[in-house]
Amino acid sequence: MQRILSMLSRNGIMTGEEIAGELGLTRAAVWKKIEALRSEGWEIRSLGKKGYCLEAGDRIDPVLWQDLLTTRSLGRGEVLFARQMDSTNRAAKQLAAGGAPDGSLCLCEEQTAGRGRMDRTWVSHPGCGLWQSLVLRPSLPPANAAWITLAAALAMAGAVEETCGVSPVIKWPNDLVLGGKKICGILTEMAADPDRVEYVVPGVGLNVRRDAVPKELEGQAGCVEEFAEPAPRRVILAAYLAQMEALLGILTTEGLSGIMPQYTARSCTLGRPVRVIGHETFEGVAETMDAEGALIVRRSDGTAVRVLAGDVSVRGVMGYV
């Protein structure tokens, strides 16, 4: 039955005869399988002599997007999909610890215990966003694995621009922003020996539909739908995986300098006054990023401070951005 879904998703409309011929079944057997899929909740319309049409809506079941992939590895390893997970990062780390290959993916319709940076809660309402985590096994030294977070932000920004027609900017290090509101957060976790990365799990949560944002956060959190008619989430996912794979290739061959021009072009932090909140809170101007991706902030007394993403939060002096 999964093959029927894949065929209908790929081809749009197919007659019972076409499906039967491709699968080596009778038309009666095809009809029974169609009815079984309908009983599982799939909306498959009968268009008379034209055939059957799958109304997939905004579903993200893997059978609907795997034919959209243009990648070599991302999204082609193990794929774990569920209506509900506590955390896609937790599920991806379990896959990775069990030996899942590079490019494996966990995604769901709803997270019940989603997390962001610095152990913040990430609200993940069902059907409203793209909640997913990759398993990566990059050829990078452990000290450089944090670059993957920057690549993930750049990849999702590019995917949203490509598929939805709006251009998110990046608040250092990895928040995507539209209209001054955060629409996407990234949490990257890893396991490594002193000289080798075992795996890296970048988890990306993108608010797509309006209901993704809790009312109490509407002033600072947003979604794609506020600014554009979003593409189906599975289309955004396929675009993200393609862009992420390309950026990972650049990181492997050229290092962070290979993606830095793209990243800085999308930055809404560089060149602006910021407040750094950590063990010490201070203000200054975010001048540049160094070769490792740390933010260099120039304080009012002229001293330059190197700010690491894992240690602090960076906010605009007049607001979130």
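Residues numbered from 1 in each chain as written. Predicted model: local features only at pLDDT ≥ 70, side-chain atom pairs only at ≥ 80, totals over all residues. Heavy atoms only, no water.

The next subject is the overall build of the chain. Looking only at helices and strands, one finds eight helices and 15 strands in the chain. Taking 2.2 N^0.38 as the reference for a compact globule, 321 residues should give roughly 20 Å; the C-alpha atoms of the chain span a radius of gyration of 22 Å, in line with that estimate. Across its three principal directions, the C-alpha atoms of the chain cover 80 × 45 × 30 Å. Sorting the 321 residues of the chain into buried and exposed places 51% on the buried side. Expressed as a percentage of contacts within the chain between residues at least 6 apart in sequence, the contacts between residues at least 24 apart total 62%. Of the accessible surface of the chain, which amounts to about 14,300 Å², a share of 50% is contributed by carbon and sulfur atoms. Distance between charge centroids for the chain: 4 Å, based on 35 positive and 38 negative side chains. (Helix = DSSP H or I, 4+ residues; strand = E, 2+ residues; numbered from the N terminus. Rg over C-alpha atoms; globule rule 2.2 N^0.38 Å. Buried < 20%, exposed > 50% of the residue type's maximum accessible area, 1.4 Å probe, protein only. Contact = heavy atoms within 4.5 Å. Areas by Shrake-Rupley, 256 points an atom, 1.4 Å probe, with all protein chains shown as cover. Lys, Arg positive; Asp, Glu negative; His and termini not counted. Charge placed at Lys NZ, Arg CZ, Asp CG, Glu CD.)

Now for helix α1 (residues 2–11). For α1, the complete set of buried residues consists of Ile4, Leu5, Ser6, Met7 and Leu8. Contact partners of the buried residues in α1: β1 (13–14), α2 (16–23), α3 (27–39), β2 (44–46), β3 (52–54) and α4 (62–65). Looking at the residues trailing α1, positive phi occurs at Gly12, about 85 degrees.

Relative to the helices and strands, Asn89 is located in helix α5 (residues 88–97). Judged by relative accessible area, which is 3%, Asn89 ranks as buried. Polar side-chain contacts of Asn89 include one of 3.2 Å to the backbone oxygen of Leu187. In terms of polar contacts, Asn89 uses its side chain to reach the backbone amide nitrogen of Gly203, at 3.3 Å. Among all residues touching Asn89, those that are not within four sequence positions of it are Ser133, Leu187, Glu189, Val201, Pro202 and Gly203. (Polar contact = N/O pair within 3.5 Å; in protein donor to acceptor, adjacent residues only side chain to side chain.)

For helix α7 (residues 233–254), spanning 22 residues, the distance from its first C-alpha to its last is 31 Å, which sits close to the expected 32 Å at 1.5 Å a residue. Downstream of α7 by one or two residues, Gly255 has phi in the positive range, about 80 degrees. (Expected span 1.5 Å × (residues − 1).)

In this structure, Met156, Leu206, Tyr240, Leu241 and Met244 are the most contacted members of the largest nonpolar core, which totals 63 residues. Looking at this core element by element, the count peaks at 13 residues for helix α6 (residues 147–164). Other than its neighbours up to four places away in sequence, Leu241 contacts Trp65, Leu69, Thr71, Leu74, Gly75, Leu105 and Leu134. Among the nonpolar cores identified, the runner-up in size contains 17 residues, and Leu8, Ala20, Ile34 and Trp42 belong to it. (Core = buried A, V, L, I, M, F, W, Y, C linked by side-chain atoms within 4.5 Å.)

On to the sheet that holds strand β5 (residues 104–111), then. Read across the sheet, seven strands follow the order β4-β5-β6-β10-β9-β8-β7 without closing on themselves; strand pairing throughout is mixed. Looking along the sheet, the strands with just one partner apiece sit at the ends: β4 (79–85) and β7 (169–171). Pairwise comparison of adjacent strand axes, ignoring direction, gives a mean angle of 20 degrees for this sheet. Bridge count for β5 against strand β6 (residues 129–135) is five bridges, and the pairing is antiparallel. (Pairing = 2+ DSSP bridges. Axes fitted to C-alpha atoms, helices over the stretch in contact; angles between N-to-C directions.)

Taken as a whole and assessed by the stated rule, the structure comprises zero aromatic pairs. Note that Arg299 overlies the ring of Phe282, its terminal NZ or CZ placed 4.5 Å from the centroid. (Phe/Tyr/Trp six-rings, centres within 6.5 Å; stacked < 30°, edge-to-face > 60°. Lys NZ or Arg CZ within 6 Å of the ring centre and 35° of its normal.)

What follows concerns the pattern of salt bridges. One pass over the full model with this rule turns up 24 salt bridges. The residue Asp67 makes a salt bridge to Arg10 at a minimum N-O spacing of 2.9 Å. Linking Asp67 in the loop between α4 and β4 with Arg10 in helix α1, this pair joins segments that are 57 residues apart in sequence. Residue Arg10 is classed as partly exposed on the basis of its relative accessible area, which comes to 44%. For Glu287, the salt bridge goes to Arg298, with nearest N and O atoms at 3.3 Å. (Salt bridge = Lys/Arg side-chain N within 4 Å of Asp/Glu carboxyl O.)

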